Amino acid sequence: HAKVAGRSQTSFFNPSMTRELVRRREIEDELRLAIMRDELSIFFQPIVDLGTGKIRSFEALVRWFHPEKGELRPDEFIPVAEETGVIVTLGNWITAQAARACAQWPEDVSVAVNLSPLQIRAPGAALGILNALREAKLDPRRLELEVTETLFVDDTHATAAFIEELSDRGVRFALDDFGTGYSSLGYINSFPFSKIKVDRSFVSGPNVGKKSDAIIRAVAEMGTTLGMEIVAEGIETIEQVRAVREAGCTLGQGYYFSRAVPDYLAAMLLAQERDDDLPKALMA
Ligand code: C2E
Ligand code: MG
Ligand code: MG
Ligand code: MG
């Protein structure tokens, strides 16, 4: 991990480092209990068709409501879960919850789940996913697994086997945060991704402009030619919707549309959409 390496270069001891270590240690201990104590929940953020404005899927994003520390973001505890191996249990639980929620939605709406590399390399990883699907009675084609390029850095054999086994059963894969890692075209060539998610640093924020626009355009052109869909992450304004559409993205996700919401609100967003269709349906 680049983050860990960077931190260890601060060789002298300082109080903020100790606080950080104590906090990580606490998180590690408490994470094991959090599932049983019902402190974790899955929120869902819509992924919208930029042509029709309709919700095509939801990305499942884990939240931890800690009794003392308040709401913890996945960036704070997923790395700890990875270092300690808790990610395997946690990941299976997340997939099961996401599949269960998706089974309640209309059939043309799917769910996306983020997977850590460690989870994929664990023995029986594919089985964990298939069990979650079976228990929820969810069609595997409605599950999309989001992976980042860090997955391919080493041990490509286990990864390839995992992806092949699940793709054969209809599960789809999306390449997440594209543009921040190695962005090697080799991965796109070797694995059956159905989507590329362009990282939000190209969509909103200080580094967005003519250059990022041209990069999105090039990724979209390549991806579309290869039969993939291109998702723009982190859309916050209508101007950004226009820009990414213009650049060739067909799907969008971001605060402009909605933040991640609890499952009952996700269901409400979908019901609302059906209501919007009613006048048209009655006229037809
Ligand atoms: P990600 O997969 O790239 O997820 C998108 C992140 O961007 C989410 O942060 C989401 O809330 C945030 N986001 C969405 N729209 C906007 C926007 O318009 N503006 C801004 N500034 N941010 C936006 P979140 O939920 O904090 O998750 C962070 C990362 O943690 C995720 O990045 C993913 O890598 C990881 N993660 C989240 N849930 C899980 C999980 O269940 N399992 C695993 N292994 N990783 C997870
Ligand atoms: Mg993701
Ligand atoms: Mg992402
Ligand atoms: Mg991200």
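Values in this document were obtained by computation on a predicted structure and should not be read as measured data.

About the criteria used
Residues numbered from 1 in each chain as written. Chains lettered and ligands numbered in written order. Predicted model: local features only at pLDDT ≥ 70, side-chain atom pairs only at ≥ 80, totals over all residues. Heavy atoms only, no water. Salt bridge = Lys/Arg side-chain N within 4 Å of Asp/Glu carboxyl O. Helix = DSSP H or I, 4+ residues; strand = E, 2+ residues; numbered from the N terminus. Donors = N, O, S within 2.8 Å, 3.2 Å for Na, K, Ca; no water. Buried < 20%, exposed > 50% of the residue type's maximum accessible area, 1.4 Å probe, protein only. Core = buried A, V, L, I, M, F, W, Y, C linked by side-chain atoms within 4.5 Å. Contact = heavy atoms within 4.5 Å. pLDDT = per-residue confidence, 0-100. Pairing = 2+ DSSP bridges. Right-handed = clockwise from strand over helix to strand, strands pointing away. Near = heavy atom within 4 Å. Polar contact = N/O pair within 3.5 Å; in protein donor to acceptor, adjacent residues only side chain to side chain. Areas by Shrake-Rupley, 256 points an atom, 1.4 Å probe, with all protein chains shown as cover. Nonpolar A, V, L, I, M, F, W, Y, C, P; charged D, E, K, R; others polar.

Q: Residue-level account of the pattern of salt bridges, with values.
A: It is possible for side chains bearing opposite charge to pair when their charged atoms get close. With the rule as written, the count across this model stands at 19 salt bridges. Across the pair Arg24 and Glu83 runs a salt bridge, and its minimum N-O distance is 2.5 Å. Taken together, the residues Arg24 in helix α2 (residues 15-34) and Glu83 in helix α3 (residues 74-84) connect sequence positions 59 residues apart. Note that Glu144 is salt-bridged to Lys195, the shortest N-O span being 2.5 Å.

Q: Break down the coordination of the magnesium ion (ligand 3) for me, citing the residues and quoting the values.
A: Surrounding the magnesium ion (ligand 3) are the protein donor atoms Asp176 (OD), Asp177 (OD) and Glu233 (OE), at 1.8 to 2.2 Å. Positions of the donor residues of the magnesium ion (ligand 3) along the chain correspond to the pattern D-D-x55-E. A gap of 3.8 Å separates the magnesium ion (ligand 3) and the magnesium ion (ligand 2), which Asp176 links by coordinating each metal. With a relative accessible area of 6%, Asp176 lands in the buried category.

Q: Quick one: what's the story with the nonpolar core, residue by residue and with numbers?
A: Note on soluble globular proteins: their nonpolar side chains tend to be buried together. Formed by 74 residues in total, the largest nonpolar core has its most connected members in Phe44, Phe77, Trp105, Leu145 and Phe162. If one sorts the elements of this core by residue count, helix α4 (residues 87-102) sits on top with 8 residues. Those residues in contact with Phe77, other than ones at most four positions away along the chain, are Ile27, Leu31, Leu40, Val62, Arg63, Trp64, Leu72 and Leu90.

Q: How would you explain the side chain of Asp199 if you had to name every residue and give the values?
A: Within the secondary structure layout, Asp199 lies in the loop between β7 (193-198) and α9 (210-225). Not counting residues up to four positions away in its chain, the partners in contact with Asp199 are Asp177, Phe178, Thr180 and Glu233.

Q: Kindly report on the confidence of the model for the chain, identifying the contributing residues and their values.
A: For the chain, the mean per-residue pLDDT works out to 91, and 95% of the residues sit at or above 70. pLDDT under 50 marks residues 1-6. Its contacts with residues more than four places away, or in other chains, come to 1 contact. Reported confidences for the modelled complex are a pTM of 0.92 and an ipTM of 0.97.

Q: Can you tell me about the pairing of strand β6 (residues 172-178), naming the residues and giving the values?
A: Counted residue by residue, β6 has 5 buried out of 7 residues, so it is predominantly covered. Relative to β6, strand β5 (residues 143-147) runs parallel, the two sharing 4 bridges. In the sheet register, Glu146 faces β6, and the bridge partner there is Ala174. Strand direction decides the pairing type here: β6 and β7, joined by 4 bridges, are parallel. Within the sheet, the bridge partner assigned to Ala174 lies in β7 and is Lys195. Crossover handedness for the path β6 to helix α8 (residues 185-190) to β7: right-handed.

Q: An account of the site of ligand 1 is needed here, citing residue identities and associated values.
A: Residues in close proximity to ligand 1 total 22 residues, the closest being Arg63, Arg73, Asn114, Glu236 and Tyr255. At 2.6 Å, a side-chain N or O of Arg73 approaches an oxygen atom of ligand 1. Against a free-state accessible area of 810 Å², the protein chains account for coverage of 87% of ligand 1. Mapped onto the shell around ligand 1, the elements with two or more residues apiece are β2 (55-66), α3 and β6. Across the shell around ligand 1, the residue classes break down as 7 nonpolar, 5 polar and 10 charged.

Q: Any details on the side chain of Glu146? Residues and values, ideally.
A: Mapped onto the fold, Glu146 is located in strand β5. There is a polar contact of 2.6 Å between the side chain of Glu146 and the side chain of Lys197.

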